[in-house]
2 protein chains.
Amino acid sequence: MLRLDELDRRIVAQLLEDGRASYAQIGDRVGLSAPAVKRRVDRLRSDGVINGFAAVVDPAALGWTTEAFIEIFCTGATSPDEIHSSVRGHPEVVAAYTISGDASALVHVRARDIQHLEQVLERLRREDNITATKTSIVLSRLIGRPIDAPVPTRVTAQ
Amino acid sequence: MLRLDELDRRIVAQLLEDGRASYAQIGDRVGLSAPAVKRRVDRLRSDGVINGFAAVVDPAALGWTTEAFIEIFCTGATSPDEIHSSVRGHPEVVAAYTISGDASALVHVRARDIQHLEQVLERLRREDNITATKTSIVLSRLIGRPIDAPVPTRVTAQ
DNA sequence: AGTGAAATGAACACACC
DNA sequence: GGTGTGTTCATTTCACT
């Protein structure tokens, strides 16, 4: 992998805060001209540091008001690939991880309401690999960055 | 709250895929003129459906290679606000939720490495409200949308 | 790596259908 | 909701350091 200098990190920080900021605007804040910023952003994109740009959308406004984390338990030695194919078909799964500990995987689910969540659970439990689930419903979201990454300015600190 | 029609949802879908798409580009895909798209996007922003735009960044490329979910256990009746103030000071916490079940809260943490994660855990356990923690280290990320919302085209389906 | 200038194209605000 | 116009501004490419 590659090395990011301080300017790169500050550019990324700007684009995390406002993904539609103009190159000139970013340049003002980091002390570079617009073309120089563009070249760095192009490089950051081709290097895979920046994977794109997205609107920050409120799921509740789209009707997704219910959220849960579901621990998935699988038979003996189920591979990550098998778990992946068991959960990928469900659009309500917004994130899934294999984890250490008792469970085989942790999946983050969004549903329209509790009834919908129940349907998702039933559908998941019908998957061959999945032997049991343990659901924790989200009561309130205390912290949640739009992008699941700590602010880059903190990368250098401490 | 407000009602989104099919065009709104398709515009949101476009902006989730490419947050820097031009209004003309979006208009081509949804069958609207550029000014009409801008009017709708402005409305979606002022209505809080779209809360901004952000770069989709690979945390690993910034040096955050270790990730964990930590269940937080608190004393008796600790309020969500108290939990919030216990975790908010830690920049490594990228998300936190109060949840149903045994634990009081679930926090999603990103660290540079295992040593760093251990430091975060020690720091969290030093918080007054927190009596115990249970950590699941992320082994692999199977699914993870940049934005934690299901794709809007699926909102209408099913 | 950086700047600066010139041309293209997008955004924006307007009046209007 | 769609055009159309004009101004402003950003993007992009090029020449140059």
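For clarity, every value in this text was computed on a predicted model and none was experimentally measured.

Enquirer: Talk me through the domain arrangement of chain A; I want residue IDs and the actual numbers.
Expert: Each assigned domain of chain A is listed with its residue range as follows: domain 1 (6-46) and domain 2 (59-137). Relative to domain 2 of chain A, the C-alpha centre of domain 1 of chain A lies at a distance of 37 Å.

Enquirer: How would you sum up the interface of chain B and chain A? Please name residues and give values.
Expert: Chain B puts 71 residues into the contact, and the matching count from chain A is 72 residues. In total, chain B and chain A occlude about 6700 Å² of area from one another, counting both sides; carbon and sulfur atoms represent 59% of this. It is B:Arg20, B:Leu142 and B:Ile143 in chain B that bury the most area against chain A; as a group they hold 12% of the surface buried on that side. Counting residues per element, the side of chain B that touches chain A draws most heavily on strand β5 (residues 130-144) of chain B, at 11 residues. Taken together, the residues of the side of chain B that touches chain A break down into 41 nonpolar, 14 polar and 16 charged.

Enquirer: Can you lay out the protein's contact with DNA strand D for me, pointing to particular residues and giving the numbers?
Expert: Around DNA strand D sit A:Ser22, A:Tyr23, A:Pro35, A:Lys38, B:Arg20, B:Leu32, B:Ser33, B:Ala36, B:Arg39 and B:Arg40, and those are all the residues in its vicinity. Taking B:Arg20, its side chain carries an N or O atom lying 3.1 Å from a phosphate oxygen of DNA strand D. One of the side-chain nitrogen or oxygen atoms of B:Arg40 is found 3.3 Å away from a phosphate oxygen of DNA strand D. Contributions of two or more residues to the surface near DNA strand D are made by α3 (34-46) of chain A together with α3 (34-46) of chain B. Ranked by residues supplied to the surface near DNA strand D, first place goes to α3(B) with 3 residues. Among the residues making up the surface near DNA strand D, the classes are represented as 4 nonpolar, 2 polar and 4 charged.

Enquirer: Any chance you could break down helix α2 (residues 23-30) of chain A for me, citing the residues and the numbers?
Expert: Residues and elements named next belong to chain A. Taken together, the buried positions of α2 are Ile26, Gly27 and Val30. Down the axis, α2 shows its buried residues gathered within 105° of arc, on one side only. Looking at the packing, one finds that the buried side of α2 touches α1 (6-17) and α3. Just beyond α2, the residue with positive phi is Gly31, at close to 80°.

What counts and what doesn't
Residues numbered from 1 in each chain as written. Chains lettered and ligands numbered in written order. Predicted model: local features only at pLDDT ≥ 70, side-chain atom pairs only at ≥ 80, totals over all residues. Heavy atoms only, no water. Domains from an automatic or database assignment. Contact = heavy atoms within 4.5 Å. Buried area = accessible area lost by both parts, 1.4 Å probe. Helix = DSSP H or I, 4+ residues; strand = E, 2+ residues; numbered from the N terminus. Nonpolar A, V, L, I, M, F, W, Y, C, P; charged D, E, K, R; others polar. Near = heavy atom within 4 Å. Polar contact = N/O pair within 3.5 Å; in protein donor to acceptor, adjacent residues only side chain to side chain. Buried < 20%, exposed > 50% of the residue type's maximum accessible area, 1.4 Å probe, protein only. Arc of directions from axis to C-beta.

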